[in-house]
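As a plain string of letters, each chain reads:
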Amino acid sequence: MTDTTAGQSPAPVQVSAQASAQAADPARERLRRWRLVLGGDQADGTGCTLSGRDAAMDGALAALYGKGDKAQTGRDRSAGLGASAPSVARWLGDIRDYFPSSVVQVMQRDAIDRLGLASLLLEPEMLQAVEPDVHLVGTLLSLHKAMPETTRETARAVVCKVVEELEKRLATRTRATLTGALDRSARVQRPRHHDIDWNRTIAANLKHYLPEYRTIVPERLIGYGRAARSVKKEVVLCIDQSGSMAASVVYASVFGAVLASMRSISTRLVVFDTAVVDLTDQLDDPVDVLFGTQLGGGTDINRALAYCQERITRPAETVVVLISDLYEGGIRDEMLKRVAAMKASGVQFVALLALSDEGAPAYDREHAAALAALGAPAFACTPDLFPEVMAAALEKRPLPVPDPV
């Protein structure tokens, strides 16, 4: 990055004056925005010249996106971040000054993908400059085996910060939703008035309808029970840790820790590529779980499901959640037979193509269709929807499958 793009921001009074002038002239403000979007090539057609803070913002954008959408290397890039950590650290500081956090996270992700900056994340000063988010955690997890000792403590602090924020966002709602589902799944025949399940009670007593009074005499009441402190349900999270599933691994680890904290649910967490690793004994600390994963490598879903299947002791009270893009490197027919066998034994089987906010994932459509034919529709799930999906599975009711985009 040149001194111009990496320099200090203009004084606040200059920025304020510039903003006031733009607000007074909507046409000029539109041209300014188009100029920042188009990048200032001669054919952009705006005729707009940037100065001050706008020029610095444009420089930060040009350093990353200066040569179009194709991957860039040092020889064919007119702008760039340079190869040194100090240069990149200055750029990271600049974009945090110029753009909101959500935009900063996108730009960091693009910088890692487009400019090959992953290796620089092995340096502590770089990690201290970045904006922590789920995607950065995924990148750090893929690099942690190669991290020098001086970087690991900083990397762990970054991962810990993201995990704590996710737990604050997701834990309370997840516990409340699943506690309600566990209560409702325990049916009782002599409920208290406020515990009566009216829909099921009416359905069970339709034969006692009295036309002259236009009412039903409920001879048998059906109600919601209250989940006891003992284990009522067992949940197995089976997570594909291939490189494309990084965000899903992060979210699943957080949810696994939340589920493990609930006394009425026995939770097992299994990660796999071509090998299978059981991380259940680390569920009290999702950061330890994440550092126990090894993102990348192949995929053997059949082997992972075989491991999970062998450890199911109460199939009628068990939910198995497979989180994978379904690109199977193992034995496809055996994988499908295992799913069919688990469902036949009473297991509730949930197949998630992704557990993230990233939008529609890439996945093996043939395998997804085969699972759907077995009564296990495969779909992508956002973290906010996951508690509802789990509640439906625990209550053995239809899953809230999102409409396809």
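(A) Layout of the overall build of the protein. Broken down by element type, the protein carries 16 helices and 10 strands. Among the 405 residues that make up the protein, the fraction classed as buried is 45%. Pairs at least 24 residues apart make up 74% of the contacts formed inside the protein by residues separated by at least 6 positions. As presented, the protein carries roughly 20,200 Å² of accessible surface, and 51% of it is formed by carbon and sulfur atoms.

(B) Here's a closer look at the sheet that holds strand S6 (residues 265-272). If you trace the six strands from one edge of the open sheet to the other, you get S7-S6-S5-S8-S9-S10, paired in mixed fashion. For this open sheet the edge positions go to strand S7 (276-278) and strand S10 (378-381), each flanked by a neighbour on one side alone. Strand-to-strand twist in this sheet, taken as the mean axis angle between neighbours without regard to direction, amounts to 25 degrees. Where S6 and S7 come together, three bridges link them in antiparallel fashion. Bridge pairing in S7 links valine 271 to valine 277. Across the face of the sheet, helix H13 (residues 301-310) comes into contact with strand S5 (233-240), S6, S7, strand S8 (318-323) and strand S9 (348-355) while running at roughly 155 degrees to S6.

(C) Region of the structure containing the packing of aromatic side chains. For the coordinates displayed, the defined rule picks out two aromatic pairs. Aromatic side chains tyrosine 98 and phenylalanine 99 sit 6.4 Å apart centroid to centroid with 85 degrees between the ring planes, which places their arrangement in the edge-to-face category. Look at phenylalanine 99 and you get buried, because its relative accessible area is 14%. Considering the side-chain rings of phenylalanine 255 and phenylalanine 386, the 4.5 Å spacing of their centres and the 45 degrees angle between planes classify their relative orientation as tilted. Within this pair, whereas phenylalanine 255 is found in helix H11 (residues 246-260), its partner phenylalanine 386 is found in helix H16 (residues 386-395), the two being separated by 131 residues in sequence. An identical accessibility class is assigned to phenylalanine 255 and phenylalanine 386; each is buried. Residue placement shows arginine 311 over the ring face of tyrosine 307; its charged tip is 3.5 Å from the ring centre.

(D) Spotlight on the environment of arginine 314. Mapped onto the secondary structure, arginine 314 falls in the loop between H13 and S8. Given the relative accessible area of 32%, arginine 314 is considered partly exposed. Within the structure, arginine 314 has its side chain in polar contact with the side chain of glutamate 234 (distance 3.3 Å).

(E) Up close: unusual backbone geometry. A positive phi angle, close to 50 degrees, is found at arginine 214, a residue other than glycine. On the secondary structure map, arginine 214 appears in the loop between strand S2 (209-210) and strand S3 (215-216). The phi dihedral of leucine 326 is positive, around 70 degrees, even though this residue is not glycine.

(F) Local environment of the environment of serine 242. Within the fold, serine 242 resides in the loop between S5 and H11. Taking relative accessible area as the criterion, serine 242 reaches 7% and is therefore assigned buried. Considering only alpha carbons, one finds serine 242 and glycine 298, 56 residues apart in sequence, at a separation of 6.4 Å. What serine 242 contacts, discounting residues up to four positions off in sequence, is Phe272, Leu295, Gly296, Gly297, Gly298, Thr299 and Asp325.

(G) Spotlight on the state of the cysteines. On inspection of all chains with the given rule, the structure shows zero disulfides. Here cysteine 308 stays free of any disulfide, with the sulfur of cysteine 238 as its closest cysteine sulfur at 3.8 Å. On the basis of relative accessible area, cysteine 308 is assigned to the buried category, the value being 1%.

(H) Structural view of the pairing of S5. In terms of burial, S5 is largely enclosed, as eight of its eight residues are buried. Burial of S5 is two-sided: the residues Lys233, Val235, Leu237 and Ile239 facing one way and the residues Glu234, Val236, Cys238 and Asp240 facing the other way are all buried. In the classification by handedness, the crossover that spans S5, the intervening H11 and the parallel S6 is right-handed. Note that S5 and S8 share six bridges and pair parallel. Each bridged residue has a counterpart across the sheet, and for valine 236 the counterpart in S8 is valine 320.

(I) Quick look at the side chain of aspartate 58. Mapped onto the elements of the fold, aspartate 58 is located in helix H4 (residues 52-65). Setting aside its immediate chain neighbours within four residues, aspartate 58 contacts Arg35, Leu36, Gly39 and Leu50.

(J) Region of the structure containing the nonpolar core. Core analysis: the largest hydrophobic core is formed by 78 residues, its most contacted members being Trp91, Leu121, Leu140, Val321 and Phe386. Ranked by residues supplied to this core, first place goes to helix H9 (residues 149-185) with 10 residues.

(K) Geometry of helix H14 (residues 332-344). For H14, which comprises 13 residues, the first-to-last C-alpha distance of 19 Å matches the rise-based estimate of 18 Å (1.5 Å per residue) to within 8%. Of all the residues in H14, the buried ones are Met335, Leu336, Val339 and Met342. Buried residues of H14, seen end-on, are gathered within an arc of 125 degrees and therefore sit on one face of the element. Along H14, the residues that are exposed and aim more than 90 degrees away from the buried face are Lys337 and Ala344. Here the buried face of H14 lies against H13, S8, S9 and helix H15 (365-373). The positive-phi residue at the C-terminal boundary of H14 is glycine 346, with phi of around 110 degrees.

Calculation rules
Residues numbered from 1 in each chain as written. Predicted model: local features only at pLDDT ≥ 70, side-chain atom pairs only at ≥ 80, totals over all residues. Heavy atoms only, no water. Helix = DSSP H or I, 4+ residues; strand = E, 2+ residues; numbered from the N terminus. Buried < 20%, exposed > 50% of the residue type's maximum accessible area, 1.4 Å probe, protein only. Contact = heavy atoms within 4.5 Å. Areas by Shrake-Rupley, 256 points an atom, 1.4 Å probe, with all protein chains shown as cover. Pairing = 2+ DSSP bridges. Axes fitted to C-alpha atoms, helices over the stretch in contact; angles between N-to-C directions. Phe/Tyr/Trp six-rings, centres within 6.5 Å; stacked < 30°, edge-to-face > 60°. Lys NZ or Arg CZ within 6 Å of the ring centre and 35° of its normal. Polar contact = N/O pair within 3.5 Å; in protein donor to acceptor, adjacent residues only side chain to side chain. Disulfide = S-S within 2.5 Å. Right-handed = clockwise from strand over helix to strand, strands pointing away. Core = buried A, V, L, I, M, F, W, Y, C linked by side-chain atoms within 4.5 Å. Expected span 1.5 Å × (residues − 1). Arc of directions from axis to C-beta.

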